[in-house]
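A look at the structure
If you want the building blocks of each chain, they are given just below.
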Amino acid sequence: MDKILEAVVMSSYPNNVKQGLVRRVIEAAKQPMDSEQCWSMLELSTKLYLTGDTKYKREIGKEVLEVYGHYHPEEFEEFFNVRFLLSLLQEGYGPLGKRSHYVLDYIQLGLQFVLESPSANSIFSLLRIEVLRKVCERPSPKQCAKISKLLTQHPQCIPTGKHQLLFCQQLIRCIGQFQCVSEGEEEIMEFLEQVNKVSGLLQRIWRTQSSAILPSLKELFTIISSTEEQEAPSNALASVVQFVPLELMDGVIRNLTNDDSITDVQMMMAIGRMIDWVSWPLGKNIDKWIIALLKGLAAVKKFSILIEVTLSKIEKVFSKLLYPIVREGALSVLQYMLLSFQHSHEAFHLLLPHIPRLVASLKKEDSNSATSSLEQLAELIHCMFFRFSGFPDLYEPVLEAVKALPIPNEDRIKHLLGQNAWTSQKNELACFYPRLASKSETGKIGLINLGNTCYMNSIIQSLFMASDFRHSVLNLTEGNSQPLMTKLQWLFAFLEHSQRPAISPESFLSASWPPWFTPGAQQDCSEYLKYLLDRLHEEEKTGKRIYQKLKESSLMSQAVEHHYLNKTLIEKMFGGKMMTKIRCLKCLNVSSREEAFTDLSLAFPPSDRSVHGSTPMRPVEEIGPQFIEPPENAGQLMGSSWIQRKAPMASDHAAPSVLVETLGIQEPGEAANPIRGSDVGVDAAKDPLSTFGEQECAPKDSRSVPDLINYFLSPERLTAENQYHCEKCASLQDAEKVAELTEGPHYLILTLLRFSFDPRTMKRKKILDNVSIPVVLKLPILVAPEETEEVCRPGKDGAVPGSGFVTVVYDLCSVVVHSGISSESGHYYCYSRECTDTVPNMQPQDGVPKPASDKQLDFEIQWYLFNDTRVSFSSFESVSNVTSFFPKDTAYVLFYRQRPGRQSCLLHEALAEAGRLHGEPSLHKDLMEAISKDNILFLQVTPGCGPICF
């Protein structure tokens, strides 16, 4: 019968004819027959099954084997013996070089007919050994899947005892070498199915023998942490982790992260390869294991590993959001990586070029998965905007891409940012600053954020860019007894000459730290600036001078010389004077007091008051090209100067709008009405606190810096609880108070009082008003009558005949921006430029530097954006428009520099003379050597060189 079957199968008859003949042979096989005939038929069917060159021949072999196994069990058991199976497994079947690939399928087919036979246990014992040997030989994914299928159907063949543990470990090593050699869809699906069968076998073993799980995972970690492998292990290993019970996760992660035998390099390799598993389409809970290990590393402060892995892998994780099958897990890992990486903007900034394309792709996909992912991604992006503000040039394309998506509120953002951040109040990540290979293309140097110290960094950069102040500090002599100014000199010197991309101001921070500031918490940059200037002023005022006296002009009178030489550097650069006059409305007696100031703190008019309401005697003007700044909201509640101008109370009142010519304090004997030509308003509160509720949202009317200064200088009524005690009347009386500037500072500092206390919520909140910032500002200065005719440089300052005022012109040089809506949070950065009296890069004519025209001052001086370690080129247009793109990013502290004129001529001439004599500031020997040594150190060992601290 075997000859007949073989002849039929090998014949050239059509398959339907062959099938009919084969069917007759199979039916005959169901009848009793001798052992020799059975043996012959089993040999033929084995040959057809294992070496048949067509699927049809193998199917015939399979069908015959099943018939004989069912109807002739004794003969089948005798044929399907241990020796025969051992030969199949060790030597294969068929001619050399063409061994059959179906041996395991054949064994699985035959096992079902010998399960109850006496030889079954011997066969199982053989197979336990042989499958272990097979997996140790690292079979292909297809063969591994066949072994898994065999053992899943016949678990009696799974190795036991110690061999079972070894089998699991070796099976994991097999998976680690799996590779899909084809990119075709069918081949990929077949590969995934094969991997799933192998990992499914591990799951079956672990269910019955949980003691094998931890050793298996240890083997897995050994594979992925290896630094010797030339080829990375397969991502198919992700299929193993998905079957590990989640209740074991904490213990496994704790053991790994506390194992001292695992080096940082090995751990970095392992977590990096695990993150690659997000691309595995069949994995379940893979994201949970990755995040758990990241958290475990953070718990033991392995920050260097986390930083390196995050920066190297985050772009790859982000790219997986394009694929729906792995999107959910990839998004979970991405969220954790970004929300935990809060000490630096680097990780988020790596994604910025890719975000618009991904958002466009997800919108086009238009699926539930894409919609959900878009909303979560937008929420994540706004969290990063909130945490790492100050990059408007980088964020504008991203903001445009997500502008139509929901924006989370601040509470939600703070909740997300507070969940998984590595940073803490102890600032354990201060030493991990952004990796910068070289200085910014601007040539400027950044400052490292030491943990919410952006308020200090922005102030230091603004002071550094005040070139006259910087040159004066750098020219100070060695050996002075003013430690804080000396530290500032060193800090400025390194900002000027270091080759590092950023330096750490740690030493200066500790020296200039206001004692009431909370370490690690966000602070008010204006408050810090006032404290810093006050400290520097008091240090010098007590006789500890640290600067060379500016060469006095031969034109100086002794009185003027004495006046300037008795001023401290802070007074010379930032000090101004203001006359406060109070007139009793009953007896018309006027009392006056002159106060010194280093900044003007500008309150916002009440919302019900006209932007251009009452004005001072000489209103402030803005000149030159105007770029209107859209919704502004910056700064914070100011501290105090040496003599703080007290903010008016809610009951204070200001006069309504009047003509400039008729506004001012009346002389005695005039009409009792305090303001000529106008009725007095009694309900225009000058205190922003009382109007916070209306100003929390941007009002319709746009305000400008001149509006706020005019409001500051406008008369105010002292009535009711704020009545003035008149010495002449010897009683409390209604009065009118007015402030007039009597001396303009060289650098005018303006603080916009954007933070106020809301009694309803008992919190300080931010006033979001539109404020336009003029690039050039005209400030009225009150002078003595005999001085109005003196002009140091004709045509520069204008004195209004009979008014007692001269106009002083100021150029904008720095803008400190606050990003956020709370004084206790947010971020500071600054825009700055160096305003000088000469045109940059222009040759002097006849030895005299050429003065800069208005237009040149406005457009030819380069603006820079300083944001902690990052420094980039910018423009005044960016300064003006930042709030239109980022409504929470608003100007807070403004620095203006006075142009040469009557009031400033002596100081300007002294500065110019010092510049001609000395050129660039000459640093003392110790400072020059320190800079030189640090530059050499940095240039020689840049990769491992830590930040220098000041």
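Residues numbered from 1 in each chain as written. Predicted model: local features only at pLDDT ≥ 70, side-chain atom pairs only at ≥ 80, totals over all residues. Heavy atoms only, no water.

**Describing the packing of helix H8 (residues 120-136) against helix H10 (residues 161-176)**
Orientation of H8 relative to H10, taken along the N-to-C sense of each, is 30°, at an axis distance of 9 Å. The pairing of H8 with H10 is recorded here as roughly parallel in orientation. The way H8 lies across H10 gives a crossing that is left-handed. When H8 is examined against H10, the residues Val131, Leu132, Val135 and Cys136 are found in contact with a partner set consisting of His163, Leu166, Phe167, Gln170, Leu171 and Cys174. Here the contact of H8 with H10 is built from residues that sort into eight nonpolar, two polar and no charged. (Axes fitted to C-alpha atoms, helices over the stretch in contact; angles between N-to-C directions. Helix = DSSP H or I, 4+ residues; strand = E, 2+ residues; numbered from the N terminus. Parallel < 35°, antiparallel > 145°, perpendicular 65-115°, else oblique. Left-handed = near helix turned anticlockwise from the far one by under 90°. Contact = heavy atoms within 4.5 Å. Nonpolar A, V, L, I, M, F, W, Y, C, P; charged D, E, K, R; others polar.)

**Quick word on the packing of helix H15 (residues 264-276) against helix H16 (residues 286-299)**
Geometrically, a packed helix pair is captured by the angle between its two axes and the distance between the axes. As a packed pair, H15 and H16 sit with axes 9 Å apart at the nearest point and diverge in direction by 150°. Between H15 and H16, the angle falls in the class roughly antiparallel. As H15 runs across H16, the sense of the crossing is left-handed. Here Met267, Ile271, Met274 and Ile275 of H15 lie close against H16, whose contacting residues are Trp289, Ile290, Leu293, Leu294 and Leu297. Looking at the contact of H15 with H16, its residues break down into nine nonpolar, no polar and no charged.

**Some points on the environment of Phe574**
Positionally, Phe574 belongs in helix H30 (residues 569-574). Taking the relative accessible area as the measure of exposure, Phe574 reaches 0% and is therefore buried. Sequence-wise, Phe574 and Thr598 are 24 residues apart; in three dimensions their C-alpha atoms are separated by 5.2 Å. Leaving out residues up to four positions away in the same chain, Phe574 has contacts with Leu463, Phe469, Leu533, Phe597, Thr598, Pro745, Tyr747, Ile749 and Phe895. (Buried < 20%, exposed > 50% of the residue type's maximum accessible area, 1.4 Å probe, protein only.)

**Description of the confidence of the model for the protein chain**
Interpretation of the predicted coordinates at a detailed level should be avoided for regions scoring low in pLDDT. Mean pLDDT over the protein chain stands at 80; residues scoring 70 or higher make up 77%. Throughout residues 624-700 the model reports pLDDT below 50, and contacts reaching past four residues in sequence, or to other chains, amount to 254 contacts. (pLDDT = per-residue confidence, 0-100.)

**Structural notes on the packing of aromatic side chains**
On inspection of all chains with the given rule, the structure shows 30 aromatic pairs. Between Tyr455 and Tyr528, the ring centres sit 5.6 Å apart and the planes meet at 80°, which makes this aromatic pair edge-to-face. Taken as a pair, Tyr455 in helix H24 (residues 454-465) and Tyr528 in helix H28 (residues 525-541) lie far apart in primary sequence, 73 residues in all. Judged by its relative accessible area of 0%, Tyr528 falls in the buried class. For the pair Trp516 and Tyr531, a centre-to-centre distance of 5.4 Å together with 85° between the ring planes defines the contact as edge-to-face. With Trp516 in the loop between helix H27 (506-512) and H28 and Tyr531 in helix H28, this residue pair connects regions lying 15 residues apart in the sequence. Look at Trp516 and you get partly exposed, because its relative accessible area is 49%. Among the aromatic residues, those joined into a ring-pair cluster are Trp39, Tyr49, Phe76, Phe79, Phe80, Phe84, Tyr106 and Phe113. A cation over an aromatic ring shows up here: Lys444 above the ring of Tyr864, its NZ or CZ 5.1 Å from the ring centre. (Phe/Tyr/Trp six-rings, centres within 6.5 Å; stacked < 30°, edge-to-face > 60°. Lys NZ or Arg CZ within 6 Å of the ring centre and 35° of its normal.)

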